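Observations on chain architecture
Each chain is listed here by its residues.
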Amino acid sequence: MTLSVKEAILQRRSIKKFNGTLVEKETVLEILDDAKWAPNHGSREPWRVVMGAGDQLPYVLELLRDLAVPKWQELSEEALATQMQKFTLAGAYAFMLVKEDMRQKERLEDYAAASCFLQNAQLLALEKGIGTCWKTPGFLDNPKFREALNAQPNERVIAMLQFGHYDEAPKAKERKAVTEFVSDFGA
C-alpha cells in the first residue's frame, strides 16, 4: 500500500489490539533503516535501538512478564495469559535508547530527534500494513530492564515501540482545531 505523507499522518493510529501474527525481523530492520533519516541536529544520530523480534521475542516477553505483571508466579495460567495479552499479541518490539548529553540544549535536541525517528518508524510501518504502539511504561528505568538492554550509564531508555498486525484500526479521536493552538506572532 502506498500512502501520501498526509494520508499516513492522518491514518496512523496507536494499535493496542494486535492479532498475534509475528512481524518478521527483516521487516522491522527495513523500517528502522528508513526511519533513521529523521532530522537530528548536527547529524549526531543520538539513538540506539534494541530490537526484539523473531528468536528474541520469547526473551522479551519473559522480561516484560517479570517486570510488568506483579506477582505473576501466583496467577493461574489463564489469568497470566490474560494479563500478558497486551504484550504477547504484538509481533515485534523496538526499544529506543538515547544518549544523555550533559548539555541541556543537546539533550533536548537528541530527545526530539529520537522522537522523530519513532514517528518515522510508525508511519513506515503503517505503509507496510503493520500497526504500532509507542509506549513509555515505568519499567523502562528499572535496573533489570536497563541491564537486559545493555543500557549504558549515559543512555536513557525512552520508548517501547510495539509492532504488530491487526484486524481493525481504532477510530480517530477528535483533535483540537488549529485555531485553538496557533496564534499570530506578537498577538
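None of these values were measured; they are calculated from a predicted model.

**A short note on the packing of helix H3 (residues 57-68) against helix H4 (residues 77-88)**
Two elements in contact, H3 and H4, have axes separated by 10 Å at closest approach and are oriented at 120°. It follows from the interaxial angle that H3 and H4 lie oblique. In the packing of H3 onto H4, the handedness of the crossing is right-handed. Judged by residue contacts, Leu 61, Leu 64, Arg 65 and Ala 68 of H3 engage Leu 80, Met 84, Phe 87 and Thr 88 from H4. When grouped by side-chain class, the residues that make up the contact of H3 with H4 number six nonpolar, one polar and one charged.

**What to know about unusual backbone geometry**
A positive phi is found at Ser 43, a non-glycine position, where the angle reads about 50°. Residue placement: Ser 43 occurs in the loop between helix H2 (25-35) and strand E1 (47-52). On the basis of relative accessible area, Ser 43 is assigned to the exposed category, the value being 58%. Residues other than glycine seldom take positive phi values, yet Asn 150 does so here, at roughly 55°. Of note, Asn 150 is situated in the loop between helix H6 (143-148) and strand E4 (155-164).

**Brief notes about the confidence of the model for the chain**
On average, the chain scores 95 in pLDDT, and the residues at 70 or more come to 100%. For the chain, helix H1 (residues 5-11) is the element with the lowest average pLDDT, namely 90, and H2 is the one with the highest, namely 98.

**Some details on empty space enclosed by the protein**
Sizing a probe to match a water molecule and rolling it over the atoms shows the empty space that remains. Tallying each qualifying case throughout the model produces two cavities of 30 Å³ or more. Computed from the structure, the largest cavity encloses a volume of approximately 60 Å³. As for the largest cavity, its lining consists of Gln 11, Arg 12, Arg 13, Ile 15, Gln 122, Leu 126, Ile 130, Gly 131, Thr 132, Tyr 166 and Ala 169. Those elements that provide at least two residues to the lining of the largest cavity are helix H5 (104-127) and strand E3 (131-135). Residue composition of the lining of the largest cavity, by class: five nonpolar, four polar and two charged. Together, Leu 32, Val 49, Ala 94, Phe 95, Met 96, Phe 117, Leu 118 and Leu 161 line the second largest cavity.

**Structural notes on the nonpolar core**
Leu 64, Phe 87, Tyr 93, Phe 95, Phe 145 and Met 160 are the most contacted members of the largest nonpolar core, which totals 25 residues. Mapped onto this core, the elements with two or more residues apiece are H3, H4, strand E2 (92-99) and E4. If you tally residues by element for this core, the top one is H3, at five residues.

**Description of the layout of surface pockets**
Put simply, the largest pocket is a space of about 510 Å³. In this structure, the largest pocket is lined by 15 residues; those nearest its centre are Arg 12, Arg 13, Ser 14, Lys 171 and Arg 175. Along the lines of polarity and charge, the residues of the lining of the largest pocket split into five nonpolar, two polar and eight charged. For the lining of the second largest pocket, the secondary-structure elements that each account for two or more residues are E1, H3 and H6. Per element, the largest residue contribution to the lining of the second largest pocket is four residues, and it comes from H3. Class assignment of the residues belonging to the lining of the second largest pocket gives a composition of nine nonpolar, two polar and one charged.

Cut-offs applied
Residues numbered from 1 in each chain as written. Predicted model: local features only at pLDDT ≥ 70, side-chain atom pairs only at ≥ 80, totals over all residues. Heavy atoms only, no water. Axes fitted to C-alpha atoms, helices over the stretch in contact; angles between N-to-C directions. Helix = DSSP H or I, 4+ residues; strand = E, 2+ residues; numbered from the N terminus. Parallel < 35°, antiparallel > 145°, perpendicular 65-115°, else oblique. Left-handed = near helix turned anticlockwise from the far one by under 90°. Contact = heavy atoms within 4.5 Å. Nonpolar A, V, L, I, M, F, W, Y, C, P; charged D, E, K, R; others polar. Buried < 20%, exposed > 50% of the residue type's maximum accessible area, 1.4 Å probe, protein only. pLDDT = per-residue confidence, 0-100. 1 Å grid on protein atoms, 1.4 Å probe; cavity = no way out; pocket = protein on both sides within 12 Å on 5 of 7 lines; lining within 4 Å. Points joined across faces, edges and corners; volume = space filled by probe spheres on them. Core = buried A, V, L, I, M, F, W, Y, C linked by side-chain atoms within 4.5 Å.

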